[in-house]
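Chain residues, written in single-letter form:
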Amino acid sequence: MSIIDDVLEAILEGKKNPSEIASELKLDREEVEGAINILQSLGYVERIEKGSNACSSCPLKKVCGGSCVLPKSRTYVVTEKAFSLKNHSQ
Amino acid sequence: MAMKVVALAGNPNVGKTTVFNALTGMRQHVGNWPGVTVEKKEGVFEYKGERFLVVDLPGTYSLTAHSIDELVARNFLLNGNPDVIVNIVDATSILRNLFLTMEIFDMGLKNVVIALNKMDLAEKRGIKIDIRKMAETLGVPVVPMSAKEGVGIEELKETVYNVAHGKVRPNPVTPTYDPDVEREIRHISMALSQTELTERYPVRWLAIKLLQRDDEVMKLVLRYLGEEKLKEIMGHIGEAEAKYGRAMDLILASQKYEFIDNLMHRFIRYTKSEGINLTDQLDRLLIHPLYGFLALGIVFYVVFKFVFAIGLPLQGVLDDSFSAFGEWLAPHIASETLRGLLVDGIIGGVGAVLSFFPLVFLLFLSLSVLEDVGYMARVAVLMEKLMRKFGLPGKAVIPLILGLGCNVPAVMATRTLDEERDRLVAMFVNPFIPCSARLSVISFISGAFFAKHHALVAVSVYLLAIVVALLSARFVSTFLVKGEETPFVIELPDYLIPSWKTVLLHSWERSKEFVQKAGTVILFGSIFIWYLSNYPLPVGTGSSYAEKIGMFFEPYMKLMSLDWKAAVSLLFGIIAKENVISTYGILYGSADALVNAMTPLQAYVLAVVTTLYIPCIATIAAIRAESNWRWAAIVTVYMIFVASLVGITVWHLGSVLGY
Ligand SMILES: Nc1nc2c(ncn2[C@@H]2O[C@H](COP(=O)(O)OP(=O)(O)OP(=O)(O)O)[C@@H](O)[C@H]2O)c(=O)[nH]1
């Protein structure tokens, strides 16, 4: 097992952010974020484009100067691919 | 002689653009890659009298062809015949960056140069890299750079020149995998070796890509080997995966990571002097399940304190100015009706709302600062933790965070949820998250009635709203729709000193909206309310329309000690919550009259009820658009019910406690 597996496993177990995962796996947060990038490009997690979508389709767009609070975080969800994998291993 | 071609490859954000610009200066051409909308940048640089064409590839983490960017980069490396490939590597995160490098090496490409960028940052973070050893280990030249300061550009040009002319002959390491995997690679390579494919592509790379079930390569192989042979190979891979219990692409990626990890130790050393960085240290506190919430409460308390301390006096000045303006204007208007409409209706109503501009601006300013610093992302994490405890599927929380600004986009954002029940739950809970419009009502009431503790009052109303949202989440997920957990991660940005330009611009944009709203929705609302309260006879006679409507609801309002005026205000608040303020402004004529007419407890009940009682019309419409009428109606009825319940409880509890 390598960092990539461990990180995916931790996400599937319900760990919610890189700091948490890093302290559990005794890694640097940046290493965890790097692994998430790789998992993304392999298609195991995908980034949710929050806000931007919602804002551009919002009916109040014309009158609203951008009330939406947009936390500068990036959110990734686990894809079907990762689940099929989990079932695979059971 | 044709120009030699240099391809720039690298992860996103490694400084590729910076290196590209430093190499080519002004000599650039921007277009698109054929057939796709991915930007293609080309430029030229000269070294020792020879011109080189530099092609900037899209930034990618790997070359798996899951995205168009990756496909473009990969196809150019395979078919574009670059003479030299400059792989830009971020020295501060070597492991992740070398993954792409290994993918390039997997392709059997030889003429690779590594531009090791952001050396300045690496040094600051105590990362020590032995460049000579790194080059030796990887088998390719490594040029240390700080592109931002222009350091290393000349050396890079020289190295590219030397490689292009065969004066330096790189010999990249071949990433190797476990014996089992290597056996698979050999097996597939053998099957492929009789085809013409081998003339066009490196066989080992094809084998590795087949193992990863790469669509493009599968199509290629299908064309050259036929369906039967491909099926046989894929069947074989399936067996191998069953044995590992995991998909092959993940196995390969993992082993590649391990391979890199082993190599890295030969040339990289971290000096652990600085320990963990500031962001991690702060996060230990700020997203801690207990201290995190405490910190959240304190942060918002401080924000309100700040907003009130500076905003209230300004609000007072504005309010007085509007009144003075009205008083000055009144004698100039002959027609009594017109005078009433302008002075009592428009100036009284719109003015009451507009006088809150300083408070709204300061609040948006604070929110923008919190956003820019990176704190709002932590709030998202905290809220997620909390919501999950109360049975909300974690993913449904993401749109909720948007609700802090405005519920409408938050409802729209539920679209990103795959499961219908997640969407319904999120839409149900969302309107309870206090939006910025409610904020002006909350600050209006806490500012007017609670001379000393306005910040505390405001925070407590917020807190109450969040508690109600949580309980509603529990309710809806237990009784109405059950959801299951979809795992996800939230990546948090490093804390940053805010950029004042961004912050000011952002707050201004948001406050502008407030003014626009006052000039449209609130203006028409005010005119209408003025009409209702003066016809057929003015308020006070008992026969104005406003009183009649209000009286109809008064028995119900009395349950929480509110009168007909509150009923009328709340009714108009459905259109936009700010209307609650303007209606009060018109019905009472002045803030003093209002303050004298209500006890602080009554005012508190009003603030709570206004925050909870109903989504505004735009939100109801958004819920209907994203689900159906029935759900929009359920949410509305539920909110009225909850607001009444909480209002009545707060009133009775408050009375018992002697307020
Ligand atoms: N400290 C430091 N920062 C650098 C260096 N080179 C680039 N940067 C910074 O890194 C960030 C990314 O630089 P870009 O040149 O835009 O990177 P890119 O790879 O083109 O990024 P994408 O367009 O996202 O692919 C910018 O903020 C640069 O200022 C460097 O040598 N040292």
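Since this is a predicted model, take the numbers as computed values, not measurements.

1. As for the overall build of chain A
Each helix and strand counted, chain A has 5 helices and 2 strands in total. Listed by position from the N terminus, the elements making up chain A come as α-α-α-β-α-β-α. For chain A, with 90 residues in total, the buried portion stands at 56%. A separation of at least 24 residues holds for 65% of the contacts in chain A among residues at least 6 apart in sequence. Accessible surface, chain A as shown: approximately 3800 Å² in total, 49% of it carbon and sulfur.

2. What to know about the overall build of chain B
Across its full length, chain B holds 31 helices and 10 strands. Since a compact globule built from 659 residues should have a radius of gyration of about 26 Å, the 33 Å found for chain B marks it as more spread out than a globular shape. With the C-alpha coordinates of chain B rotated into their principal frame, the extents come out at 100 × 55 × 50 Å. When the 659 residues of chain B are sorted by exposure, 56% land in the buried category. Long-range contacts, defined here as pairs at least 24 residues apart, represent 72% of the contacts in chain B between residues at least 6 apart. In the structure as shown, chain B presents an accessible area of about 28400 Å², 61% of it carried by carbon and sulfur atoms. The centroid of the 61 positive side-chain charges in chain B is displaced by 2 Å from the centroid of its 63 negative side-chain charges.

3. Topic: the packing of helix H1 (residues 3-13) of chain A against helix H2 (residues 18-25) of chain A
Residue and element names in this part refer to chain A. For the pair H1 and H2, the least separation of the axes is 10 Å and the interaxial angle reads 120°. By the angle class used here, H1 and H2 are oblique. With respect to the hand of their crossing, H1 and H2 are arranged in right-handed fashion. Contacts between H1 and H2 pair Asp6, Val7, Ala10, Ile11 and Glu13 from the former with Ile21, Glu24 and Leu25 from the latter. Taken together, the residues of the contact of H1 with H2 sort by class into 5 nonpolar, no polar and 3 charged.

4. Remarks on the sheet that holds strand E2 (residues 74-78) of chain A
Pairing between the strands of a sheet comes from backbone hydrogen bonds, and it takes one of two forms, parallel or antiparallel. Taken in spatial order, the 3 strands of this open sheet run E1(A)-E2(A)-E10(B), and their pairing is antiparallel. The two strands at the open ends of the sheet, each matched to only one other strand, are strand E1 (45-48) of chain A together with strand E10 (488-491) of chain B. The sheet shows a mean angle of 30° between the axes of neighbouring strands, direction not considered. As paired strands, E1 of chain A and E2 of chain A are joined by 4 bridges and run antiparallel to one another. Paired with Ile48 of chain A across the two strands is Thr75 of chain A, which belongs to E2 of chain A.

5. So, the site of the ligand
All names here are of chain B. Around the ligand there are 14 residues in total, and Lys16, Thr17, Thr18, Asp120 and Ala147 lie nearest to it. One of the side-chain nitrogen or oxygen atoms of Thr17 is found 2.3 Å away from an oxygen atom of the ligand. Within the side chain of Asn117, one N or O atom sits 3.1 Å away from an oxygen atom of the ligand. If the ligand stood free it would expose 650 Å²; the protein chains cover 69% of that surface. Within the residue set of the shell around the ligand, elements represented by two or more residues are helix H1 (16-24) and helix H4 (119-124).

6. Observations regarding the nonpolar core
Residues Phe304, Val429, Phe432, Ile445, Tyr584, Leu612 and Trp631 of chain B are the most contacted members of the largest nonpolar core, which totals 99 residues. Residue contributions to this core peak at 12 residues, all from helix H22 (residues 454-480) of chain B. In this structure, Ile38 of chain A together with Ile94, Ile104 and Met248 of chain B belong to the second largest nonpolar core, which totals 95 residues.

7. Examining the pattern of salt bridges
Within the structure shown, the criterion is met by 22 salt bridges over all chains. Here Arg246 of chain B ties to Asp5 of chain A by a salt bridge, and the two come within 2.3 Å at their closest N and O atoms. Placement of Arg246 of chain B in the loop between helix H11 (227-244) and helix H12 (248-264) and of Asp5 of chain A in helix H1 is noted, with the two residues assigned to different chains. Each member of the pair, Arg246 of chain B together with Asp5 of chain A, is buried. The partner of Asp214 of chain B in a salt bridge is Arg74 of chain B, and the shortest N-O contact between them spans 2.7 Å. Of the two residues, Asp214 of chain B is situated in the loop between helix H9 (203-211) and helix H10 (215-225) and Arg74 of chain B in helix H2 (residues 68-79); the sequence distance between them amounts to 140 residues. Because the salt bridges share partners, they merge into one network encompassing Arg29 and Glu33 of chain A together with Asp280 and Asp494 of chain B.

8. Some words on H9 of chain B
With 8 of 9 residues buried, H9 of chain B lies mostly within the body of the structure. Inspection of H9 of chain B places Val203, Trp205, Leu206, Ala207, Ile208, Lys209, Leu210 and Leu211 of chain B among the buried residues, and these make up the whole buried set.

9. Observations concerning helix H17 (residues 375-389) of chain B
Residue and element names in this part refer to chain B. With 15 residues, H17 extends 22 Å between its outermost C-alpha atoms, agreeing within 8% with the 21 Å of an ideal straight helix rising 1.5 Å per residue. Burial within H17 is extensive, with 12 of its 15 residues counted as buried. Looking only at H17, the buried set comprises Tyr375, Met376, Ala377, Arg378, Val379, Ala380, Val381, Leu382, Met383, Glu384, Lys385 and Met387.

10. Considering the domain arrangement of chain B
Once the domains are mapped, chain B shows domain 1 (4-164), domain 2 (179-270) and domain 3 (292-484 + 504-656). Measuring from the centre of the C-alpha atoms in domain 2 of chain B to the corresponding centre in domain 3 of chain B gives 59 Å.

11. Points about the packing of aromatic side chains
Between two aromatic rings, the relevant description is the distance of the centres plus the angle of the planes. All names here are of chain B. Summed over all chains, the structure comprises 19 aromatic pairs over all chains. Between Phe325 and Trp328, the ring centres sit 6.0 Å apart and the planes meet at 20°, which makes this aromatic pair stacked. Highlighted residues: Phe325 and Trp328, both in helix H14 (residues 291-329), separated by 3 residues, approximately one helical turn. Residue class for Phe325 comes out partly exposed when judged on its relative accessible area of 39%. Among the aromatic residues, ring-to-ring pairing joins Phe428, Phe432, Phe475, Trp631 and Tyr638 into one connected group. Positioned over the ring face of Trp33 is Lys40, at 4.5 Å from the centre of the ring. For Lys565, the ring lying beneath its charged end belongs to Tyr588, and the centroid distance is 4.2 Å.

12. Side note on the packing of H1 of chain B against helix H6 (residues 153-164) of chain B
Relative placement of two packed helices is described by the angle separating their axes and the distance separating the axes. Residue and element names in this part refer to chain B. For the pair H1 and H6, the least separation of the axes is 10 Å and the interaxial angle reads 80°. With respect to H6, the axis of H1 lies roughly perpendicular. Contacts between H1 and H6 involve Val19, Ala22 and Leu23 from the first element and Ile153, Leu156 and Lys157 from the second. Here the residues of the contact of H1 with H6 sort into 5 nonpolar, no polar and 1 charged.

13. Here's the deal with the sheet that holds strand E4 (residues 50-56) of chain B
Residue and element names in this part refer to chain B. Spatially, E2-E3-E4-E1-E5-E6-E8 is the arrangement adopted by the 7 strands of the open sheet, whose pairing is mixed. At either end of the open sheet lies a strand with only one pairing partner, and these are strand E2 (28-32) and strand E8 (142-144). Taken pair by pair, the neighbouring strands of this sheet meet at an average axis angle of 25°, ignoring direction. Across 5 bridges, strand E1 (residues 4-10) lies against strand E5 (residues 84-90) in parallel orientation. Counterpart to Val6 in the pairing with E5 is Val84.

14. Notes on the pairing of E10 of chain B
The side-chain alternation of E10 of chain B yields two buried faces, one formed by Phe488 and Ile490 of chain B and the other by Val489 and Glu491 of chain B. Across 4 bridges, the pairing between E2 of chain A and E10 of chain B is antiparallel. Its bridge partner being in E10 of chain B, Val77 of chain A is matched across the sheet by Phe488 of chain B.

What counts, and where the lines are drawn
- Residues numbered from 1 in each chain as written.
- Chains lettered and ligands numbered in written order.
- Predicted model: local features only at pLDDT ≥ 70, side-chain atom pairs only at ≥ 80, totals over all residues.
- Heavy atoms only, no water.
- Helix = DSSP H or I, 4+ residues; strand = E, 2+ residues; numbered from the N terminus.
- Buried < 20%, exposed > 50% of the residue type's maximum accessible area, 1.4 Å probe, protein only.
- Contact = heavy atoms within 4.5 Å.
- Areas by Shrake-Rupley, 256 points an atom, 1.4 Å probe, with all protein chains shown as cover.
- Rg over C-alpha atoms; globule rule 2.2 N^0.38 Å.
- Lys, Arg positive; Asp, Glu negative; His and termini not counted.
- Charge placed at Lys NZ, Arg CZ, Asp CG, Glu CD.
- Axes fitted to C-alpha atoms, helices over the stretch in contact; angles between N-to-C directions.
- Parallel < 35°, antiparallel > 145°, perpendicular 65-115°, else oblique.
- Left-handed = near helix turned anticlockwise from the far one by under 90°.
- Nonpolar A, V, L, I, M, F, W, Y, C, P; charged D, E, K, R; others polar.
- Pairing = 2+ DSSP bridges.
- Near = heavy atom within 4 Å.
- Polar contact = N/O pair within 3.5 Å; in protein donor to acceptor, adjacent residues only side chain to side chain.
- Core = buried A, V, L, I, M, F, W, Y, C linked by side-chain atoms within 4.5 Å.
- Salt bridge = Lys/Arg side-chain N within 4 Å of Asp/Glu carboxyl O.
- Expected span 1.5 Å × (residues − 1).
- Domains from an automatic or database assignment.
- Phe/Tyr/Trp six-rings, centres within 6.5 Å; stacked < 30°, edge-to-face > 60°.
- Lys NZ or Arg CZ within 6 Å of the ring centre and 35° of its normal.

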